[in-house]
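Chain by chain, the residues run as shown.
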Amino acid sequence: MALDSARARDVMMTRARVRSNALSFAFNSGPLLSPALATSAFSAAAPLRVAVVGAGPAGLYAADRLLHRFRDAVRVDVLERLPAPLGLVRYGVAPDHGATSAPVAARFGRLLADERVRLLCNACVADAPSAAPAAALPLPLSALQARYHAVVLATGAQRARTLGVPGEALPGVLTAAAFVSWYTGHPGGSLHAPPPPPQLRAGPHAVVVGAGNVALDCARLLLRPAQPLLAASDAPAAVVAALAASTVRHVTLLVRRSAAQLACTPRELRELLALPGLRLHTDPGLGLAEADEAELRADGPAARARRRCVEELRAALARREAAPPEAADADERSLSFLFLRSPTAFLPGPAGRVGAVQLGAEALEGPPGSRRLARPPPAADPPLPPLPAQLVLISAGAFGAPLEGVPFDSNRGTVPHARGAVLDGSAAIPGLFCVGWLKRGPKGIIGSNLECAEETVAAVAEAAAEGRLPQPPLPPIDPGQLLRDAGGGRLLSAAGWGALDAAERAAGAAKGRPREKAATLAEMLRFADLTA
Ligand code: NAP
């Protein structure tokens, strides 16, 4: 979805505000004008002080790389708006992918135990007030800039992309991000109530718009029998029960391009296609024109990955052809790929919920390697019949949220930067850096954040070596003082997170499962108190 003009205006205003902030830094006798420091100024006795904003994989890999590069001459405070760290490792990786998240969580656990790192959870920095969880302590970015030589922003891509087509607000139409938050047990923003669960018993048909890995995660969880894998996972018990009782049996992935341009990765596609008992339906041509076939024959890792996706689909179709006809099974689960189609409207069903998706045709034009969507799209002749859907998940990607006082590129949903140093126009803002999806957009797997963090930390090191980091006039955050100044609230340290983690594991063990996540912010804080 292109960002609308109102948002573009907001962004211009943000940039104007930033410029005026930059000017006030320049003309006030403010803290950031103090002489900058060279790397040699940092030592174990007088370490480089860095605040990392966001304790997801990007922020934690950045902390990890800072320790690696500066060794004893660094102290890192990691601030997180939720009462728990780990970001998408905890609230993004699908519960049937525990093998992916467990080793990463263990590595970050060791990092957070390092005495050079301090975790401060439940503090919301430089965020739109509406995005702050109810329990979180607000903390302006300027307060960090006055206390740390460098601030590394790692707040991710928090806003789900929507489509702007009629009917998107109907009950039963939700973003894939909301669905992922539900099945991973995200507490949401309010103290006592998690976001409402999706209705999975409204009918047999679900449509997922998009074909990235998030779309595949959602389709897989809707189609996978909840027993035994999910039941043994860290998905909340209520989620496992809802998925087990779900009446969804047919999932259609609505893909606006051909199979030659799928956004997902072959491994994830193979896993989805291999679900036991799943029937696959798709046009055997996979929406491929000669130019798309030619695109698939290109060299390079991207073309290779896409070729493998097409091969996975063809192999699954061949398996279907080879299989003996099966007796009708009321519980049969099927997956359809509809290529070169987009939703043009979501239509209400009898109960006022979504009942169908009106489809429009798409076409690709341009030579191999530069295939793009034809605009305007072709008219479907004859018109395409609506697709039944009692649940629609829009999985069209995400983009970052602007942070107060930080330049923001509203078209890309990212912060402008040069190798991780935040830019205002063409000039780097002293001491301000970014990492992860806020820096490079929502692309790549969790491990991609390591390389991204290497680059940002190299920019911090370069600024330190060249004496471009400002000298903060105030000491690092004192949590006690912060709470006194705020007149109350809670901050959770690594010990508090450890207590919450242990309490969740104990709650899970009582049910024979690895973990039962606290369901609300209030419950997270209560769990953290149990042994803290
Ligand atoms: P994504 O990979 O960018 O995919 C977004 C999908 O939405 C694409 O299919 C895109 O189609 C489609 N889309 C965008 N705008 C649309 C519109 N207006 N109408 C219809 N379709 C539209 O994003 P994601 O799936 O959210 O994943 C984000 C990142 O996380 C990715 O790098 C992904 O690999 C990663 N991830 C990895 C895993 C894993 O490793 N297991 C799991 C989850 C996520 P076009 O291609 O036509 O733009």
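Up top is the structure.
Residues numbered from 1 in each chain as written. Predicted model: local features only at pLDDT ≥ 70, side-chain atom pairs only at ≥ 80, totals over all residues. Heavy atoms only, no water.

Visitor: Please clarify how the overall build of the chain should be interpreted in this entry.
Guide: A tally of helices and strands in the chain yields 16 helices and 22 strands. What you see for the chain is a C-alpha radius of gyration of 24 Å, in line with the 24 Å of a compact globule of 532 residues. When its C-alpha atoms are laid out on the principal axes, the chain stretches across 75 × 55 × 40 Å. Out of the 532 residues in the chain, the part that is buried amounts to 50%. Total accessible area computed for the chain in this model is approximately 23000 Å², and 58% of it derives from carbon and sulfur atoms. (Helix = DSSP H or I, 4+ residues; strand = E, 2+ residues; numbered from the N terminus. Rg over C-alpha atoms; globule rule 2.2 N^0.38 Å. Buried < 20%, exposed > 50% of the residue type's maximum accessible area, 1.4 Å probe, protein only. Areas by Shrake-Rupley, 256 points an atom, 1.4 Å probe, with all protein chains shown as cover.)

Visitor: Would you mind going over the site of the ligand with me for this structure?
Guide: Near the ligand lie 20 residues; those nearest to it are Asn-213, Arg-256, Arg-257, Lys-443 and Gly-444. Taking Asn-213, its side chain carries an N or O atom lying 2.9 Å from an oxygen atom of the ligand. A total of 3 residues in the shell around the ligand trace back to one element, the largest contributor, which is helix 7 (residues 213-223). (Near = heavy atom within 4 Å. Polar contact = N/O pair within 3.5 Å; in protein donor to acceptor, adjacent residues only side chain to side chain.)

Visitor: Which parts of the structure should I look at to understand the packing of helix 2 (residues 57-70) against helix 4 (residues 98-112)?
Guide: To describe two helices that pack against each other, one gives the angle between their axes and the distance between the axes. Interhelical geometry of helix 2 versus helix 4 gives an angle of 50° and a closest axis separation of 10 Å. Between helix 2 and helix 4, the crossing angle belongs to the class labelled oblique. Here helix 2 runs over helix 4; the crossing is left-handed. Between helix 2 and helix 4, the residues in contact are Pro-57, Leu-60, Tyr-61, Ala-63, Asp-64, Arg-65 and Leu-67 and Val-104, Arg-107, Phe-108, Leu-111 and Leu-112, respectively. Split by residue class, the contact of helix 2 with helix 4 holds 9 nonpolar, no polar and 3 charged. (Axes fitted to C-alpha atoms, helices over the stretch in contact; angles between N-to-C directions. Parallel < 35°, antiparallel > 145°, perpendicular 65-115°, else oblique. Left-handed = near helix turned anticlockwise from the far one by under 90°. Contact = heavy atoms within 4.5 Å. Nonpolar A, V, L, I, M, F, W, Y, C, P; charged D, E, K, R; others polar.)

Visitor: Mind showing me how you'd approach the layout of surface pockets here?
Guide: Where empty space is left becomes clear once a probe the size of a water molecule has been rolled over the atoms. By volume, the second largest pocket is sized at about 580 Å³. Forming the boundary of the second largest pocket are 28 residues, of which Ala-102, Ala-105, Asp-234, Arg-505 and Arg-515 lie nearest the centre. Within the residue set of the lining of the second largest pocket, elements represented by two or more residues are helix 3 (88-91), helix 4 and helix 15 (494-509). Take the lining of the second largest pocket: its biggest share by element is 7 residues, from helix 4. (1 Å grid on protein atoms, 1.4 Å probe; cavity = no way out; pocket = protein on both sides within 12 Å on 5 of 7 lines; lining within 4 Å. Points joined across faces, edges and corners; volume = space filled by probe spheres on them.)

Visitor: Would you mind going over the pattern of salt bridges with me for this structure?
Guide: Using the criterion set out here, one finds 30 salt bridges in the structure. Residue Arg-515 is joined to Asp-501 by a salt bridge in which the shortest nitrogen-to-oxygen separation is 2.6 Å. With a gap of 14 residues between them, Arg-515 in the loop between helix 15 and helix 16 (521-531) and Asp-501 in helix 15 connect regions that are remote in the sequence. Put simply, Arg-526 and Glu-523 hold a salt bridge, and the shortest N to O gap is 3.7 Å. (Salt bridge = Lys/Arg side-chain N within 4 Å of Asp/Glu carboxyl O.)

Visitor: Got a minute to help me understand the sheet that holds strand 3 (residues 117-121) in this structure?
Guide: An order of 3-2-1-6-22-21-20 is seen for the 7 strands of this open sheet, with the pairing classed as mixed. Lying at the two open borders of the sheet, with one neighbouring strand each, are strand 3 and strand 20 (417-418). Helix 13 (residues 448-465) contacts strand 1 (48-53), strand 6 (150-153), strand 21 (421-424) and strand 22 (427-434) of the sheet and is inclined by roughly 130° relative to strand 22. (Pairing = 2+ DSSP bridges.)

Visitor: Explanation requested: the sheet that holds strand 8 (residues 173-175) in the structure shown.
Guide: Sheet strands associate in pairs through backbone hydrogen bonding, adopting either a parallel or an antiparallel arrangement. If you trace the 6 strands from one edge of the open sheet to the other, you get 8-18-9-10-12-11, paired in parallel fashion. Two strands in the sheet have a free side with no partner beyond their single neighbour: strand 8 and strand 11 (278-282). With direction set aside, neighbouring strand axes in the sheet form an average angle of 20°. Bridge count for strand 11 against strand 12 (residues 333-339) is 5 bridges, and the pairing is parallel. Bridge assignment links His-281 to a residue of strand 12, and that residue is Ser-336. Running over the sheet, helix 7 touches strand 9 (205-209), strand 10 (250-255), strand 11, strand 12 and strand 18 (391-394) and is turned about 170° from strand 10. Running over the sheet, helix 9 (residues 266-273) touches strand 10, strand 11 and strand 12 and is turned about 140° from strand 12.

Visitor: Would you take a moment to explain the nonpolar core for this structure?
Guide: In summary, soluble globular proteins display a tendency toward joint burial of nonpolar side chains. Ranked by internal contacts, the top residues of the largest apolar core, which has 57 residues, are Val-78 and Phe-433. For Val-78, the residues in contact, after removing those within four places along its chain, are Val-52, Gly-54, Ala-55, Leu-60, Ala-63, Val-117, Arg-118, Leu-119 and Leu-120. By size, the runner-up hydrophobic cluster in this structure holds 54 residues, among which are Ala-206, Leu-253, Val-255 and Ala-260. (Core = buried A, V, L, I, M, F, W, Y, C linked by side-chain atoms within 4.5 Å.)

Visitor: I'm lost on the packing of aromatic side chains in this one. Help?
Guide: Aromatic ring pairs are reported here in terms of the distance separating the ring centres and the angle at which the planes meet. The full count for this structure, using the stated rule, is 4 aromatic pairs. Note on Tyr-61 and Phe-108: the rings are 4.9 Å apart at their centroids and 75° apart in plane angle, and the pair reads as edge-to-face. Of the two residues, Tyr-61 sits in helix 2 while Phe-108 sits in helix 4, which places them 47 residues apart along the sequence. When sorted by exposure, Tyr-61 lands in the same class as Phe-108, which is buried. Between the aromatic rings of Phe-337 and Phe-339, the centroid separation amounts to 5.7 Å while the plane-to-plane angle is 15°, which identifies the pairing as stacked. For Phe-337, a relative accessible area of 2% corresponds to the buried category. Residue classification places Phe-339 among the buried positions, given a relative accessible area of 7%. Ring pairing ties together the aromatic residues Phe-179, Trp-182 and Tyr-183, which thus form one cluster. (Phe/Tyr/Trp six-rings, centres within 6.5 Å; stacked < 30°, edge-to-face > 60°.)

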